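Single-letter residue listing:
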Amino acid sequence: SKSLSDEENLKLFGKCNNPNGHGHNYKGKELTSVLAHIDPVSGMVINLTDLKEYMQEAIMEPLDHKNLDKDVPYFAEIVSTTENIAVFIWENLKKLLPMGTLYKVKVYETDQNTVVYKGEETISE
């Protein structure tokens, strides 16, 4: 965090505190969930082809194989924690999905560290 001293960053972020950055391979299983009524004509909540396109635009294009802190303008002043990545994904998907259908975003940093974001509510699992 640019707003903390080197000592405060080390204390807060531990081994993840590296002035040159560090990498993660975030997992996308169960990345997003949508919730809505099933369309009686199509039999779907949302067309999966459309959802894949939305996820490509909202998640993969801006984040995949990027140094989040240097390549993604959103993280220029926001710490690229898993929590903030979930917020970023939520905000991008919410712009693309039909209103009211986005239910949650779930980001796996590791098998032990997972963040679930449901709008203004964040739940660490």
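For the structure, check the block above.
Predicted, not measured: the structure shown is a model, and the values here were computed from it.

### Some details on the pairing of strand S2 (residues 102-108)
Across the seven residues of S2, six count as buried, placing the element largely inside the fold. Where S2 folds back onto strand S3 (residues 114-118) in an antiparallel hairpin, the turn is made up of five residues.

### Points about helix H4 (residues 82-96)
The end-to-end C-alpha distance of H4, which contains 15 residues, comes to 21 Å, matching closely the 21 Å that a straight helix rising 1.5 Å per residue would cover. Buried within H4 we find Thr82, Ile85, Ala86, Val87, Phe88, Ile89, Trp90, Asn92 and Leu93.

### Thoughts on the nonpolar core
A general feature of soluble globular proteins is that nonpolar side chains tend to end up buried together. If you look at the biggest cluster of nonpolar residues, it comprises 21 residues, and the most contacted ones within it are Leu63, Phe75, Ile89 and Leu93. If one sorts the elements of this core by residue count, H4 sits on top with seven residues. Not counting residues within four places of it along the chain, the set of residues in contact with Leu63 comprises Leu68, Val72, Phe75, Ile85, Phe88 and Ile89.

Cut-off values and rules
- Residue positions are given per chain, counted from 1 along the sequence in the order it is written.
- The predicted origin of the model limits local features to residues at a pLDDT of at least 70 and limits the giving and counting of side-chain atom pairs to 80 or more, whereas totals for whole chains, interfaces and linings rest on all residues.
- Only hydrogens and water are removed before side-chain values are computed, so all heavy atoms of the structure are retained for them.
- Residue burial is assigned from relative accessible area. The probe radius is 1.4 Å, only protein chains are included, and a residue is buried under 20% of its type maximum, exposed over 50%, and partly exposed in between.
- The secondary structure listing takes helices from DSSP runs of H or I that are at least 4 residues long and strands from runs of E that are at least 2 residues long, numbered from the N terminus.
- Between any two strands, pairing holds if DSSP finds at least two bridges.
- Expected span, for any helix, means 1.5 Å times one less than how many residues it has.
- For the purposes of this section, nonpolar cores are sets of buried Ala, Val, Leu, Ile, Met, Phe, Trp, Tyr and Cys residues that join through side-chain atoms within 4.5 Å.
- Every residue pair with non-hydrogen atoms within 4.5 Å of one another is taken to be in contact.

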